[in-house]
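# Structural overview
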Amino acid sequence: MITKDSIEAAYAFFHQKWRVYEYSHSERQRDDIEYAIADYVGNMSPELYARLADGRTDFLYDHDNFASDISTAIDKLDNML
């Protein structure tokens, strides 16, 4: 079961990290953010992750698609609130 609290927590965490990531010019900082998101995703509700990932096993884990993935995740979470 996906709780409102888990949606709110994921939204807040992703949104905060995204705001730093999108304006950062430091590759190291961006890599650290990707790592933090991957760690969070690995511990979040599997049901919530499945809903966000839409069948993609590399969702929020793939460096090349990270910016698009996190933006998509934030939009989906916002719609779920």
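Rules behind the numbers
Residues numbered from 1 in each chain as written. Predicted model: local features only at pLDDT ≥ 70, side-chain atom pairs only at ≥ 80, totals over all residues. Heavy atoms only, no water. Buried < 20%, exposed > 50% of the residue type's maximum accessible area, 1.4 Å probe, protein only. Helix = DSSP H or I, 4+ residues; strand = E, 2+ residues; numbered from the N terminus. Salt bridge = Lys/Arg side-chain N within 4 Å of Asp/Glu carboxyl O.

## Remarks on unusual backbone geometry
- The backbone of Asp 54 shows a phi angle near 55°, a positive value even though the residue is not glycine.
- Relative accessible area serves as the criterion here: at 63%, Asp 54 is assigned to the exposed category.
- Phi at Leu 60 takes a positive value of approximately 70°, unusual for a residue other than glycine.
- Relative to the helices and strands, Leu 60 resides in the loop between helix H3 (46–53) and helix H4 (66–80).

## Some thoughts on the pattern of salt bridges
- Evaluation of the coordinates by the stated rule reveals four salt bridges.
- With its nearest N and O atoms 3.1 Å apart, the salt bridge here joins Arg 56 to Asp 58.
- Arg 56 gets classed as partly exposed once you look at its relative accessible area, which sits at 30%.
- On the accessibility criterion, Asp 58 (31% relative accessible area) is partly exposed.
- Here Arg 56 ties to Asp 69 by a salt bridge, and the two come within 2.8 Å at their closest N and O atoms. In this pair, Arg 56 sits in the loop between H3 and H4 while Asp 69 sits in helix H4, placing the two residues 13 residues apart along the sequence.
- Relative accessible area serves as the criterion here: at 2%, Asp 69 is assigned to the buried category.
- If you follow the salt bridges from partner to partner, you end up with Arg 56, Asp 58 and Asp 69 in one network.

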